[in-house]
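# Descriptive structure summary
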Amino acid sequence: MISIDHVTKRYGATTVVDDVSCRLPGGGVTSIIGPNGAGKSTLLSMMSRLLLPDAGRIEVAGLDVGTTAGQKLARTLSILRQENQLTIRLSVRDLVGFGRFPHNNGRPTPEDRDHIERSLDYLDLTDLGDRFVDELSGGQRQRAFIAMVLAQDTDYILLDEPLNNLDMRHSVDMMRLLRGLADDLGKTVVLVIHDVNFASCYSDEILAMREGALIHQGTPEQIMTPEVLHDIYDVDIQVEQIRGNRIGVYFA
Amino acid sequence: MRSRSSTLPMALTQSVRKPVRSVPPSVWLVILGVAALALIIAFMVVGIEGSPAYVLPRRLNRVGAMVLVAIAVAVSTILFQTVTGNRILTPSIMGLDALYILIQTALVFLLGGQALLSLGSPLRFVIEVALMIGFSWLLYRWLFLGSGRSLHLLLLVGIVFGVFFRGVSTLLQRLMDPSEFIILQGLFFASFNRVDPTLLLLSAVVVAGLCIPAWRLRHRLDVLALGRDSAVSLGIDYRRTVTLVLVICSVLVAVSTALVGPVTFFGLLVSALAYQLCNRFHHAAVLPIAVLLGIVALVGGQLVLEQVFEFDTALSIVIEFVGGIVFLVLLLKGRVR
């Protein structure tokens, strides 16, 4: 479980995240949605200790994110940001191997190699293992970084806009993959996502933010209604039931 | 194949890619190690005139200075580039070499050239290193514990400090007696022929004392090279590690600069070549390769200068020249990011 208690983040006079409190259940996929500048990524960054909150407290699986030793936390929680530019030359297998760092401090054991190969296999990257990361396409590179996170073998996986720059097919692949991480491997997946329909189809729980505040939390059925969506986005969105999924139509 | 792979971004395209470059780092380590050793021996024994008992200790002293400078410059440049995530910046951008020149200038200006030379080089060395460490410590403390906390700010401040120190030095040099200025100029240019044995011993202890923690950090440095976010996610105590690395860097630069003057461009040359030689990026390979490259360049260069050109020019000038050309070539090839 992730518990967030009265967390606030300010940049100068601007309050980016304003006194947010909530509980996220362990297991399943949780999506954080909201308009631009709602503070979604900032909240996720604070959950993963990339940013320190100005006030409040965040616990992941009972560990205080602000005070727990970095390495201990790195065995419980991993984060993948959207921009993953490498300045160095690494093979895919080397990159995935870094996921084992919190467990082996850079000295790989046979067990670590198993983890690496399984992660590569899970993401269908085994054939690309010896290629350099800078030679991969955007979708492949994204998968390589996910494989690194997977090799880290944490119960909690946080992702900041994992669909950024992916086309339709790769977006669907990515969401299925994240669903699989939750269903098959029992991970708790939390992601920031812009597309409400992806959030609706693949999440167990949705958090909706606006202007730094958490304004709604619930299942897709509870969030995907015209009233709630209007509350979040200030846009009239019709919601249709298509093959058991609630789809918001806002294009015209 | 090309056209198909461009329409299917995720399609496997390995068949058109060249394989990983073939020479593993361990082979380069052996080659460079042998070359470095051979050059050191050659430097010791080639062209001895007169009594070996007189010549050999002096040459040993000079080789020692070159090896120390090679280690200090190579290690500090690579650590700095890893921490800043940039392969063009060097510690000199933090203004350390400019500070060295300012300290020398100020000492000559205030005490007079003769008085400074009579101070004795060990004492001068200790004062210089202490001043430089004090400066960098102040800079990091201020930047990392202050509100900025960004490496980019640190670099900008370094550049501004560098310009400021250079400006003050120039002013002092204008005001100074011309004969004093000549003494000063002699202190600036790197020379491996004037190094005091006591200084050498002192520097050796300092450099060895810094290389041990640097080597212990090698795995964490690999992770740091992935960038801040990934490093934090993988459990690195980012602020502490970066501060530690930057302090190690600044002391190494201070020692090498105080020992033989500013040779900072040399670091750029050595690190760029070391990255080229390592087909996979691991500090455990990059660091020793860069150090060995540095030893080969310095000892080999000095050997050629003495035996072929008979001491017509200072080694630092040649190294800056060659380094500049190599670096331009690398830049134009587009490999350096």
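The structure this text deals with has already been given above.
What counts and how
Residues numbered from 1 in each chain as written. Chains lettered and ligands numbered in written order. Predicted model: local features only at pLDDT ≥ 70, side-chain atom pairs only at ≥ 80, totals over all residues. Heavy atoms only, no water. Buried < 20%, exposed > 50% of the residue type's maximum accessible area, 1.4 Å probe, protein only. Helix = DSSP H or I, 4+ residues; strand = E, 2+ residues; numbered from the N terminus. Pairing = 2+ DSSP bridges. Contact = heavy atoms within 4.5 Å. 1 Å grid on protein atoms, 1.4 Å probe; cavity = no way out; pocket = protein on both sides within 12 Å on 5 of 7 lines; lining within 4 Å. Points joined across faces, edges and corners; volume = space filled by probe spheres on them. Nonpolar A, V, L, I, M, F, W, Y, C, P; charged D, E, K, R; others polar. Axes fitted to C-alpha atoms, helices over the stretch in contact; angles between N-to-C directions. Parallel < 35°, antiparallel > 145°, perpendicular 65-115°, else oblique. Left-handed = near helix turned anticlockwise from the far one by under 90°. Salt bridge = Lys/Arg side-chain N within 4 Å of Asp/Glu carboxyl O. Polar contact = N/O pair within 3.5 Å; in protein donor to acceptor, adjacent residues only side chain to side chain. Expected span 1.5 Å × (residues − 1). Arc of directions from axis to C-beta. Patch = residues over 30% accessible without salt bridge, like charges linked within 9 Å, V, L, I, M, F, W, Y side chains within 5 Å. Areas by Shrake-Rupley, 256 points an atom, 1.4 Å probe, with all protein chains shown as cover. Phe/Tyr/Trp six-rings, centres within 6.5 Å; stacked < 30°, edge-to-face > 60°. Lys NZ or Arg CZ within 6 Å of the ring centre and 35° of its normal.

### Things to note about the pairing of strand β6 (residues 77-80) of chain A
Residue and element names in this part refer to chain A. Both faces of β6 are covered, namely the face carrying L77 and I79 and the face carrying S78 and L80. Looking at chain direction, β6 and strand β7 (residues 156-160) are connected through 4 bridges and run parallel. The residue of β7 that forms the bridge with L80 is L159.

### Observations regarding the environment of B:A290
Residue and element names in this part refer to chain B. With respect to the secondary-structure elements, A290 resides in helix α14 (residues 283-307). Considered as a pair, A290 and V73 are 217 residues apart in the sequence and their alpha carbons are 9.2 Å apart. Once you skip the residues sitting within four places of it in the chain, A290 turns out to touch A74, I78, V270 and A274.

### Concerning the layout of surface pockets
Rolled over the atoms, a probe sized like a water molecule indicates the empty space that remains. Size it by volume and the second largest pocket reaches roughly 480 Å³. Lining the second largest pocket are 21 residues, and of these A:D94, A:G97, A:P108, B:R280 and B:H282 sit closest to its centre. Where the lining of the second largest pocket is concerned, the elements lending two or more residues are α3 (92-98), α4 (101-104) and α5 (110-122) of chain A together with α10 (218-224) of chain B. Class assignment of the residues belonging to the lining of the second largest pocket gives a composition of 6 nonpolar, 6 polar and 9 charged.

### So, empty space enclosed by the protein
Enumeration over the complete set of coordinates arrives at 3 cavities of 30 Å³ or more. Estimates place the volume of the second largest cavity at around 60 Å³. Residue lining of the second largest cavity: A:I79, A:L80, A:R81, A:N84, A:M148, A:V149, A:Q152, B:D229, B:S230, B:S233 and B:L234, and that is the complete set. When contributions to the lining of the second largest cavity are tallied by element, the ones reaching two or more residues are β6 and α6 (138-151) of chain A together with α11 (228-233) of chain B. Examining the composition of the lining of the second largest cavity, we find that 3 residues originate from one element, α11(B), more than from any other.

### Quick notes on the packing of helix α3 (residues 52-84) of chain B against helix α12 (residues 238-260) of chain B
Residues and elements named next belong to chain B. Orientation of α3 relative to α12, taken along the N-to-C sense of each, is 150°, at an axis distance of 9 Å. By the angle class used here, α3 and α12 are roughly antiparallel. Viewed along their axes, α3 and α12 form a crossing whose handedness is left-handed. Here α3 contributes L68, V69, A72, V73, V75, S76, L79, F80 and V83 to the contact with α12, which in turn contributes Y238, V242, V245, L246, I248, C249, L252, V253, S256, L259 and V260. The residue makeup of the contact of α3 with α12, split by class, is 18 nonpolar, 2 polar and no charged.

### Describing the pattern of salt bridges
Residues and elements named next belong to chain A. Tallying each qualifying case throughout the model produces 20 salt bridges over all chains. With a shortest N-O distance of 3.2 Å, R89 and D134 are connected by a salt bridge. With R89 in the loop between β6 and α3 and D134 in the loop between α5 and α6, the pair connects residues that are 45 residues apart, well separated along the chain. Residue R89 is classed as buried on the basis of its relative accessible area, which comes to 19%. With relative accessibility at 32%, the residue D134 sits in the partly exposed group.

### Observations regarding the interface of chain B and chain A
In many analyses, interface size is given as the accessible surface area lost on bringing the parts together. Across the boundary between the two partners, chain B contributes 32 residues, which contact 42 residues of chain A. When the shortest N-O distance is used, the salt bridge between A:R81 and B:D229 registers 3.1 Å. The interface formed by chain B and chain A contains 7 residue pairs in polar contact (both at pLDDT 80 or more). Every element with two or more residues in the side of chain B that touches chain A is listed here: α10 and α11 of chain B. Partitioned by chemical class, the residues of the side of chain B that touches chain A number 13 nonpolar, 9 polar and 10 charged.

### Quick look at helix α9 (residues 197-216) of chain B
Residue and element names in this part refer to chain B. Across its 20 residues, α9 extends 29 Å between first and last C-alpha, which sits within 8% of the 28 Å expected from 1.5 Å per residue. Turning to α9, its buried residues are L199, L200, S203, V207, L210 and A214. Along the long axis of α9, the arc covered by the buried residues comes to 110°, so they all point the same way. In this structure, α9 carries P197, L201, V205, I212 and R216 as exposed residues pointing more than 90 degrees from its buried face.

### Quick look at the sheet that holds strand β5 (residues 63-64) of chain A
Residues and elements named next belong to chain A. On the basis of which strands lie adjacent, the open sheet formed by 4 strands has the order β2-β1-β4-β5 and antiparallel pairing. The open sheet terminates on both sides in strands that have one partner only, identified here as β2 (14-24) and β5. One ladder, built from 5 bridges, connects strand β1 (residues 2-11) with strand β4 (residues 55-60); its direction is antiparallel. Considered in β4, the bridge of I2 is made with V60.

### Description of a nonpolar patch on the surface
Residue and element names in this part refer to chain B. The grouping of F109, L110, L111, L119, L123, I127, L131, L171 and L175 at the surface amounts to a nonpolar patch, some 830 Å² of accessible area in total. Those elements giving two or more residues to the nonpolar patch turn out to be α4 (96-111), α6 (121-145) and α7 (151-175). In this fold, L131 is placed in helix α6.

### Focus on the packing of aromatic side chains
Two aromatic rings, taken as a pair, are described by how far apart their centres are and by the angle between their planes. Under the definition given, this model contains 5 aromatic pairs over all chains. Aromatic side chains B:F161 and B:F165 sit 5.9 Å apart centroid to centroid with 65° between the ring planes, which places their arrangement in the edge-to-face category. With B:F161 and B:F165 both in helix α7 and 4 residues apart, the pair spans about one turn of that helix. With relative accessibility at 27%, the residue B:F161 sits in the partly exposed group. For A:R89, the ring lying beneath its charged end belongs to A:F132, and the centroid distance is 3.9 Å. For the cation-ring pair, B:R228 lies above B:Y238, with the distance from its terminal atom to the ring centre recorded as 5.6 Å.

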